[in-house]
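Report on the structure
Chain by chain, the residues run as shown.
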Amino acid sequence: MSWRLGLTNAVLRLLAKPHLARTPGPAEAERDLRRSTRLFMRQPPFLRHISRDGLHWICAGTCAPGKVILYFHGGGYVSGSPLTHQGPLGRLSKLAGVEVCAPVYRLAQEAPLPAAFDDAVAAHDRVRALGYAPDDIVLGGDSAGGGLALALLAHCCAIAEPPRAAFAFSPWTDLSRTAPSLAENARADPFLPVDRISELIDICLGDHDPRDPRVSPLYADFPGAPPVLLHVAESEILRDDTLRMARRLEQFGAKVTLDTLPHAPHVWPLFDGWFPEARASLRRTAAFIQDSFADTSR
């Protein structure tokens, strides 16, 4: 672990985690994320961000024509937007040489789950209507957005239109609260306060079934799934959301690659520029995307 990662963990544990534990509700969470991303999510030079019809197109360099990363932002389903994530998405686009399309989806305080899933499917349909074939698309996301990307992956597999590949940073895949790491890593996680998870799930779901595959892709089927790259820190409360998701995908024959660190904050690749491990993970993700598009065996 680099000293910069160790320092980031300490600062998050001292300041961010207690603040999240005291955040009154979704409105404040949304405000705080907007403010914090101006500081923490650094933007690469020559970032281009164009919004059209609820789709945000982000890049920072030359991109391969006819290929796209369809990416869903995180924020616990109650905060975040393509604007809050444009910095690391621009960096990922530059490293991979592929443009990112980041859709807007309804947050849970506006419309409880599975509304976000419906919006994800609609966004995928719009990208397909623009002429992108399934093999031209890589799905991605972080945290809640990572779970959303994996739920969309299951949908695409079910209709026999799997994307070229998929990746997720610390995805939230099980809203039924069955992950042992919620208790085992409650103290170890430097960022997320486990005591707020139940409250957040109530906001997101209302009376909806928490094991519905549209909100908890851990319970989905993935026939014909493409290669998947998953990132998670062993100290996260969402560790088992990722590890069990990997096993679930492997049951359906998917080739799964796990990128793990012993001690790192939730969605650590998005902290690009703050510690070297974040950039290294973005580089590995970019290489995974490039290799996926270069694979001619499909």
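Above this text sits the structure in question.
Along each chain, residue indices are assigned from 1 in the same order as the chain's sequence is written. With the structure being a predicted model, the display of local features is reserved for residues of pLDDT at least 70 and the display and counting of side-chain atom pairs for 80 or more, all residues being used for whole-chain, interface and lining totals. Heavy atoms throughout the structure, all of them, feed into the side-chain values; hydrogens and water do not.

Below, the discussion takes up the overall build of the chain. Counting secondary structure elements, the chain contains nine helices and eight strands. A burial count over the chain gives 58% of its 298 residues as buried. Contact between two residues is taken to exist if any of their heavy atoms lie within 4.5 Å; hydrogens are not considered. In the chain, once contacts between residues fewer than 6 apart in sequence are set aside, the share between residues at least 24 apart is 82%. Here, Shrake-Rupley sampling with a 1.4 Å probe gives the accessible areas, and only protein chains in the shown set may cover a residue. Of the roughly 12100 Å² of accessible surface on the chain, 56% is carried by carbon and sulfur atoms. For this count, His and the chain ends are skipped, Lys and Arg are scored as positive, and Asp and Glu as negative. Just so you know, the charge point we use is NZ for Lys, CZ for Arg, CG for Asp and CD for Glu. The average position of the 32 basic charges and that of the 33 acidic charges among the side chains of the chain differ by 6 Å. For the purposes of this entry, the term helix denotes a DSSP run of H or I that reaches at least four residues, the term strand denotes a run of E that reaches at least two, and both are numbered from the N terminus. Relative accessibility thresholds used throughout: buried, under 20% of the residue-type maximum; exposed, over 50%; partly exposed, between the two (1.4 Å probe, protein chains only).

What counts as a salt bridge is simple: a side-chain nitrogen of Lys or Arg found within 4 Å of a carboxyl oxygen of Asp or Glu. Counting across every chain of the model gives 14 salt bridges. The partner of Arg106 in a salt bridge is Asp119, and the shortest N-O contact between them spans 2.9 Å. Here Arg106, found in the loop between strand 4 (99-103) and helix 4 (115-129), pairs with Asp119, found in helix 4; they are 13 residues apart in sequence, far enough to count as distant. A relative accessible area of 37% means that Arg106 is categorised as partly exposed.

Before going further, it helps to spend a moment on the pairing of strand 4. The buried fraction of strand 4 is high, at five of five residues. Residues Glu99, Cys101 and Pro103 line one face of strand 4 and the alternating positions Val100 and Ala102 line the opposite face, and both faces are buried. Judged from the four bridges that link them, strand 2 (residues 55-59) and strand 4 form a sheet pairing that is antiparallel. Considered in strand 4, the bridge of His56 is made with Ala102. What makes two strands pair is DSSP finding at least two bridges between them. As defined by bridge partners, strand 3 (residues 68-72) adjoins strand 4 across three bridges and the pair is classed as parallel. By the bridge assignment, Leu70 is partnered in strand 4 with Cys101. Tracing the backbone out of strand 3, into helix 3 (residues 86-96) and back to the parallel element strand 4 gives a crossover that is right-handed. Note on handedness: a crossover is taken as right-handed if, strands pointing away from the viewer, the path from the first strand over the helix to the second is clockwise.

Moving on, we get to helix 5 (residues 144-158). Residue count minus one, scaled by 1.5 Å, sets the expected span of a helix. Over its 15 residues, helix 5 extends 21 Å from the first C-alpha to the last, a length consistent with the 21 Å expected when each residue adds 1.5 Å. Counting buried residues along helix 5, 13 of its 15 residues qualify, which places the element largely inside the surrounding structure. In the stretch just after helix 5, Ala160 is the one whose phi turns positive, near 60°.

Let us now look at the packing of helix 3 against helix 9 (residues 276-294). Every axis in this analysis is a line fitted to C-alpha atoms, fitted for helices over the stretch in contact. Angles between the N-to-C directions lie between 0 and 180 degrees. Across the interface, helix 3 lies against helix 9 with an axial gap of 8 Å and an inter-helix angle of 50°. With respect to helix 9, the element helix 3 is oriented oblique. Relative to helix 9, the crossing made by helix 3 is right-handed. Where helix 3 approaches helix 9, its residues Pro88, Arg91, Leu92, Leu95 and Ala96 are matched on the opposing element by Arg279, Leu282, Arg283, Thr285, Ala286, Ile289 and Gln290. Looking at the contact of helix 3 with helix 9, its residues break down into seven nonpolar, two polar and three charged. Here the word oblique covers every angle except those under 35 degrees (roughly parallel), over 145 (roughly antiparallel) and from 65 to 115 (roughly perpendicular). Note: crossing handedness is left-handed where the near helix turns anticlockwise from the far helix by less than a right angle, and right-handed where it turns clockwise. Charged means Asp, Glu, Lys or Arg here, nonpolar means Ala, Val, Leu, Ile, Met, Phe, Trp, Tyr, Cys or Pro, and polar covers whatever is left, Gly included.

So, about the sheet that holds strand 1 (residues 48-52). Strand order in the open sheet formed by eight strands is 1-2-4-3-5-6-7-8, and the pairing between neighbours is mixed. Each end of this open sheet is capped by a strand with a single partner; those strands are strand 1 and strand 8 (256-261). Going across the sheet, the axis of each strand differs from the next one's by a mean of 20°, ignoring polarity. In terms of strand pairing, strand 6 (residues 165-169) meets strand 7 (residues 228-233) through four bridges, oriented parallel. Along strand 7, the bridge assignment pairs Phe169 with His231. On top of the sheet, helix 5 reaches strand 3, strand 5 (137-142), strand 6 and strand 7; it is set at about 145° to strand 5, its chief contact. Sheet strands in contact with helix 9 are strand 3, strand 5, strand 6, strand 7 and strand 8, and its direction is about 170° off that of strand 6.

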